[in-house]
Amino acid sequence: MQKGKVYIETYGCQMNVADTEVVFAILAREGYSRTVSMEEADIIFANTCSVRDNAEQRIWGRIERFRQEKKARKGVVIGILGCMAERLKDALLDGGVVDIVAGPDAYRSLPGLLDEVSRGAQGIDVALSRDETYADIMPVRTDRNGVSAFISIMRGCNNVCSYCVVPYTRGAERSRDPHTIVREACEVFRLGYREVTLLGQNVDSYSWTDASGRTVSFASLLGMVAEVDPMLRVRFATSNPQDISDGVISTMASHPNICRHIHLPVQSGSNRILEKMRRRYTREWYLERVAAIRKAMPDCGLTTDVIAGFCSETEEDHALTLSLFEEVGFDWAFMFQYSERPGTLAARKYPDDVPPEVKTRRLNEIIALQNRKSLERYTAQVGRRLTVLVEGPSKRNPEELCGRSSNNMMCVFPSGGHSAGEYVDVTVESCTSATLICSLA
Ligand code: SAH
Ligand code: SF4
Ligand code: F3S
């Protein structure tokens, strides 16, 4: 039976992008269709993020916008999904705009919740699960290029980094059956995709024990996916410095189609702050892991996340973060000011005592240093030959193509008759701090 048209806005991390694709698959089975236009949708969902306060503020702004849509078009259904739904629960239903609230483990309930709404009620399901991985669901891909797909390999998180809301919004860690992961990788390859990114909050703690008692680790899962086809590139995120193993590093090194890139969030360069953050590694451990990665794969790209102005951070702590950035030389970094999240350990135990202007100044110092380092790292590629997986036309110039190198740098180059999904050899001619400008090799 033909049901309504569903429009979903997705915020937050790649896990949410993957989840939106699961939601479309669950609804498609029930007869709902997808639209990319809010104006023609019968059902409007926002898949939300709670990681920092500004992420939530953005959603409140969108809820205001949905209120107008509802006023203009009677009968439009509004739903809040994802991490903010899990965190704020029925409080989101106040105010009469939102009809449905569904947490990250409740997406199978969505058809039922929509039925309740059609009977004039509100629908809410924010139960977290110990075993839901949506393993049997083949997501409806929403990417634009048909080249690169996300595959969720686990859900939740068992760490308790003191600043982080994710364990509260996504629940306990659980791994997905590896056979369903490999099957999904084969399926997307058959559809023409040439790159998969395996997703989890802490991929190195992936672990699956099958009926015969054999355990599949993340290193073995990576190998299994890499063996789907040598023409399928494999990426993954996120690695936790405390857990990234020699096994993972050597599996990468022995499979040329596992991309030479590791996203390794450091958060701070100060051991005192790392301990307060409940990150279970030290600066020295982190630097040793970086050295081990670079020894095994000298060309491996490294990116990171960092938080400026965590509780009690001093100028000395901040200087240690700057010196770590100087020492490692990341290709790129996601840099944030600390944002206190209600209910987290840090919110309960430590005052948020670094003044906002100091947080901003420290963040700007990290950004300035990282911009210089990015330019250095990109400049070091000039003259090299790289293999790029074409993603599509470049944003600036439709005559040119863009795509990423194995070490995850964005490349632009003349199209030369190539198209999305092909591998193309290029020579790097020049660069900015975020793009390699190449010729066809
Ligand atoms: N699982 C990943 C991170 C997920 S959240 C990991 O462990 O690395 C993505 C990033 O958001 C984090 O790496 C951190 O840098 C940032 N972040 C998380 N909570 C934050 C907070 N309360 N304030 C500012 N940044 C935060
Ligand atoms: Fe949050 Fe830490 Fe888990 Fe990452 S590992 S999601 S930062 S609790
Ligand atoms: Fe945000 Fe939830 Fe991802 S809080 S970063 S959408 S896990």
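Here the structure is shown first, and the text comes after it.
Residues numbered from 1 in each chain as written. Chains lettered and ligands numbered in written order. Predicted model: local features only at pLDDT ≥ 70, side-chain atom pairs only at ≥ 80, totals over all residues. Heavy atoms only, no water.

So, about the site of ligand 2. Inspection of the region around ligand 2 gives C157, N159, C161, Y163, C164, V166, P167, Q201, N240 and R279 as its neighbouring residues. A per-class count over the shell around ligand 2 returns six nonpolar, three polar and one charged. (Near = heavy atom within 4 Å. Nonpolar A, V, L, I, M, F, W, Y, C, P; charged D, E, K, R; others polar.)

Let us now look at the nonpolar core. L198, F218 and F236 are the most contacted members of the largest nonpolar core, which has 53 residues in total. Broken down by element, this core gets its largest block of residues, six residues, from helix α7 (residues 218-226). By size, the runner-up hydrophobic cluster in this structure holds 22 residues, among which are I8, Y32, A102 and L113. (Core = buried A, V, L, I, M, F, W, Y, C linked by side-chain atoms within 4.5 Å. Buried < 20%, exposed > 50% of the residue type's maximum accessible area, 1.4 Å probe, protein only. Helix = DSSP H or I, 4+ residues; strand = E, 2+ residues; numbered from the N terminus.)

Another aspect to go through is the sheet that holds strand β2 (residues 33-34). Pairing within the open sheet is parallel, and its six strands lie in the order β2-β1-β3-β4-β5-β6. Looking at which strands have only one partner, the edges of the open sheet turn out to be β2 and β6 (123-125). Across three bridges, the pairing between strand β4 (residues 77-82) and strand β5 (residues 100-102) is parallel. Considered in β5, the bridge of I80 is made with V101. Strand contacts of helix α4 (residues 110-118): β3 (43-48), β4, β5 and β6, with the helix running at about 160 degrees to β5, the strand carrying the most contacts. (Pairing = 2+ DSSP bridges. Contact = heavy atoms within 4.5 Å. Axes fitted to C-alpha atoms, helices over the stretch in contact; angles between N-to-C directions.)

Another point: the site of ligand 1. The environment of ligand 1 is formed by 15 residues, the closest being R52, Q201, Q267, D305 and S339. Contact distances for ligand 1 include 2.7 Å between an oxygen atom and a side-chain N or O atom of Q267. Taking D305, its side chain carries an N or O atom lying 2.6 Å from an oxygen atom of ligand 1. Calculation on ligand 1 without its partners gives an accessible area of 540 Å², and the protein chains cover 89% of this total. Taken together, the elements giving at least two residues each to the shell around ligand 1 come down to β15 (301-308) and β16 (332-337). Partitioning the shell around ligand 1 into residue classes produces six nonpolar, five polar and four charged. (Polar contact = N/O pair within 3.5 Å; in protein donor to acceptor, adjacent residues only side chain to side chain. Areas by Shrake-Rupley, 256 points an atom, 1.4 Å probe, with all protein chains shown as cover.)

Here we come to the sheet that holds strand β10 (residues 195-199). Here three strands make up an open sheet; going across it, the order is β7-β10-β13 and the pairing parallel. Looking along the sheet, the strands with just one partner apiece sit at the ends: β7 (148-152) and β13 (233-237). Within the sheet, the average angular offset between the axes of one strand and its neighbour, ignoring direction, is 25 degrees. Bridge analysis of β10 against β13 gives five bridges, and the strand direction is parallel. The partner of L199 across the bridge, within β13, is A237. Together, β7, β10 and β13 form the strand contacts of helix α1 (residues 14-29), whose direction differs from that of β7 by roughly 90 degrees.

The subject of this paragraph is the pairing of β4. Of all six residues that make up β4, six are buried, and the element is covered over most of its length. In terms of strand pairing, β3 meets β4 through six bridges, oriented parallel. Note on β4: the bridge partner recorded for A46 is I80. After leaving β3, the chain enters helix α2 (residues 53-72) and then returns to the sheet as β4, a path that is right-handed. Note that the unit made of β4, helix α3 (residues 83-88) and β5 has a crossover that is right-handed. (Right-handed = clockwise from strand over helix to strand, strands pointing away.)

Once that is clear, we can look at the layout of surface pockets. One number sums up the size of the second largest pocket: a volume of about 490 Å³. Along the walls of the second largest pocket sit 14 residues, with K395, C402, M410, V412 and T435 positioned nearest its centre. At the level of elements, β17 (385-393), β18 (400-405), β19 (410-414) and β21 (435-440) are the ones that each hand at least two residues to the lining of the second largest pocket. Examining the composition of the lining of the second largest pocket, we find that three residues originate from one element, β18, more than from any other. A per-class count over the lining of the second largest pocket returns six nonpolar, three polar and five charged. (1 Å grid on protein atoms, 1.4 Å probe; cavity = no way out; pocket = protein on both sides within 12 Å on 5 of 7 lines; lining within 4 Å. Points joined across faces, edges and corners; volume = space filled by probe spheres on them.)

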